[in-house]
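# Coordinate inspection notes
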Amino acid sequence: MPRKKPDITAKRVNRITPSGIRRFFDLVASMEGVISLGVGEPDFATPWHIREAAIYSLEKGYTMYTSNLGMPELRRELSRHLKDKYGLDYDPATELLITVGVSEGVDLATRAILDPGDEVIMADPGYVSYHSCVSLAGGKPVMVPTSEKENFELGAGDIEKRVTDKTKAILIGYPANPTGAVMSRDKLAKIAEVARRHGLMVISDEIYSSLVYGVEHTCAATLPKMKESTILLGGFSKAYAMTGWRIGYAAGSKDIIAAMFKIHQYTIMCAPTMGQVAAIEALKSGDDSVSEMVEDYNRRRLFMVKGLNKIGLPCFEPRGAFYAFPSIKATGLSSEEFAERLLMEEKVAVVPGSAFGECGEGYIRCCYATSLADIEEALARMGRFVKRCKG
Ligand SMILES: Cc1ncc(COP(=O)(O)O)c(C=O)c1O
């Protein structure tokens, strides 16, 4: 008897649903005249001095692989940067790894620490990759509902209730995508206490750490006795407007970085060389450019939030990242229906909140990293749409 043909794709891959954001943006790409508040990336080009450093490196013929860990100069600069920013000491030789964005960092961190069935606790709504990376690594995402009433912050009590023998880590991503929420130091300290009490790792996605408006961001690794058990994932995409360069990093204990490095060296080899050169320049002299962009985002943030409230979409005040997360409950539509109809009827692209988890239902994500003129026009179109829905 011929044997039964095996499935061509693996079960753990089949279980993953494609990102709700991408599906939407394939549709947007096929339409004309759309104002996109959709994809979460800066509308700025990378600051010129950073691009210039990379161009110059190409002229000099720096086109080979780098050290698997990342260029030594980049790791040294990064170590200095993390000391300045967080007051933390990371050894560039053993405690830092240059990755292909925070995206690779999340994948490596989860694969490095999870055995089959291990659980990772995280916020709902949350960034789309967290859940899927944990599942692909053989782990089990355990979602903690968060709400606007509680500033979309993860609560230590809610986390502790979900700790089991299988719990391995808490994944924290603040400032948050999609809500723009920032976690207060006090609340984070309580979560750190839970992590310490139960011997859990903390994976801290710091991608938006520089994009905060009038509040302080706290990194879990800076809390007492947390450096060793925190995997700090950082990157250049958002703060330096460098999404296409694909550079990020992981900072952590020697053992954790060694484990992540094993996977990285066999699957990636090294992060792109040109991007690493650009990242060195960003760390050496990119601070002013970041501050200028943050000032600009802040203007757009205030304009967007005020505008959304005015057109009848009550909006939680985002204090970080570059997203507004207004409630659309008053329209009576689901977040998918809202986003789809808004796109078809008024040519404005937003992301349905449900793409980020069950608790995102009733909200939409609007990225304000786009020009004030576009935000103004988008708000006018959305205002018309909301009026029709409510009328
Ligand atoms: C919370 C969060 N983490 C990580 C990433 C991915 O960042 P990178 O470009 O460094 O891979 C994103 C991108 O949108 C994000 O929003």
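Look a little higher up for the structure.
Residue indices begin from 1 for each chain and proceed along its sequence in written order. Side-chain atom pairs in this predicted model are given and counted only at pLDDT of 80 or more, local residue features only at pLDDT of at least 70, and totals for whole chains, interfaces and linings cover all residues. The basis for every side-chain value is the complete set of heavy atoms in the structure, and neither hydrogens nor water enter the calculation.

Attention now moves to helix H12 (residues 335-346). Where helices and strands are cited, they refer to DSSP runs of H or I of at least four residues and of E of at least two residues respectively, numbered from the N terminus. Expected span of a helix, by definition, is 1.5 Å for each gap between consecutive residues, and there is one gap fewer than residues. For H12, with twelve residues, the first-to-last C-alpha span of 16 Å sits near the 16 Å given by 1.5 Å per residue. Following H12 by one or two positions, lysine 347 has its phi on the positive side, about 55°.

Close to the ligand lie Gly101, Val102, Ser103, Tyr127, Tyr130, Asn177, Asp205, Ile207, Tyr208, Ser237, Lys238 and Arg246, which account for all nearby residues. A distance of 2.7 Å separates an oxygen atom of the ligand from a polar atom in the backbone of valine 102. The definition of a polar contact used here is a pair of N or O atoms within 3.5 Å, where within protein one atom must be able to donate a hydrogen and the other to accept one, and adjacent residues in sequence count solely through side-chain atom pairs. In this structure, an oxygen atom belonging to the ligand sits 2.8 Å away from a side-chain N or O atom of arginine 246. Coverage of the ligand by the protein amounts to 92% of the 400 Å² it exposes when considered alone. Of the two site types, the cavity is a set of points on a 1 Å grid over the protein atoms alone where a 1.4 Å probe fits but cannot get out, and the pocket is an open set with protein on both sides within 12 Å along at least five of seven lines, each lined by residues with an atom within 4 Å of a point. Molecule-in-pocket calls rest on the fraction of atoms, with more than half required to lie within 2 Å of the cavity or pocket grid points. Among the cavities detected, the one that contains the ligand is the largest pocket. Take the shell around the ligand: its biggest share by element is three residues, from helix H5 (residues 101-113). Only heavy atoms are used to decide nearness, and a residue is near a molecule or strand if one of them lies within 4 Å of it. Areas reported here follow the Shrake-Rupley algorithm with a probe of radius 1.4 Å; residue values treat only the protein chains shown as occluding.

Axis lines are fitted to C-alpha atoms, over the contacting stretch for helices. Their N-to-C directions set the angle, which ranges from 0 to 180 degrees. Here H5 crosses helix H6 (residues 128-136) at 35°, and the two axes come no closer than 9 Å. H5 and H6 meet at a crossing whose hand is right-handed. Mapping the contact onto sequence places Val106, Asp107 and Thr110 in H5 and Tyr130, Cys133 and Val134 in H6. Residue polarity is assigned by list, with Asp, Glu, Lys and Arg as charged and Ala, Val, Leu, Ile, Met, Phe, Trp, Tyr, Cys and Pro as nonpolar; anything else, Gly included, falls into the polar class. Partitioning the contact of H5 with H6 into residue classes produces four nonpolar, one polar and one charged. By the definition used in this description, the sense in which the near helix is turned from the far one sets the handedness, with an anticlockwise turn below a right angle giving left-handed and a clockwise turn giving right-handed. Throughout, a residue-residue contact means that at least one pair of heavy atoms, one from each residue, lies within 4.5 Å.

Turning our eyes to something else, we now look at empty space enclosed by the protein. Grid points are joined across faces, edges and corners, and a volume is the space filled by probe spheres set on the points. Summed over all chains, the structure comprises two cavities of 30 Å³ or more. Taken together, 15 residues make up the lining of the largest cavity; nearest its centre are Ala123, Pro125, Gly126, Tyr130 and Gly173. For the lining of the largest cavity, the per-class residue count stands at eleven nonpolar, four polar and no charged. The calculated volume of the second largest cavity comes to roughly 50 Å³. Every residue lining the second largest cavity is listed: Ile172, Gly173, Tyr174, Met183, Leu188, Ser204, Asp205, Glu206, His217, Thr218 and Ala220. Residues of the lining of the second largest cavity, tallied by class, amount to five nonpolar, four polar and two charged.

Two cysteine sulfur atoms form a disulfide, by the criterion used here, when they sit within 2.5 Å. For the structure shown, the criterion picks out zero disulfides. Looking at cysteine 359, it has no disulfide partner, and the nearest cysteine sulfur is the one in cysteine 315, 18 Å off. Relative accessible area serves as the criterion here: at 22%, cysteine 359 is assigned to the partly exposed category. Looking at the unpaired cysteine 366, the closest cysteine sulfur is the one in cysteine 315, lying at 7.4 Å. According to the relative accessible area criterion, cysteine 366 is buried, its value standing at 0%. Residue exposure (1.4 Å probe, protein chains only): buried if accessible area is under 20% of the type maximum, exposed if over 50%, otherwise partly exposed.

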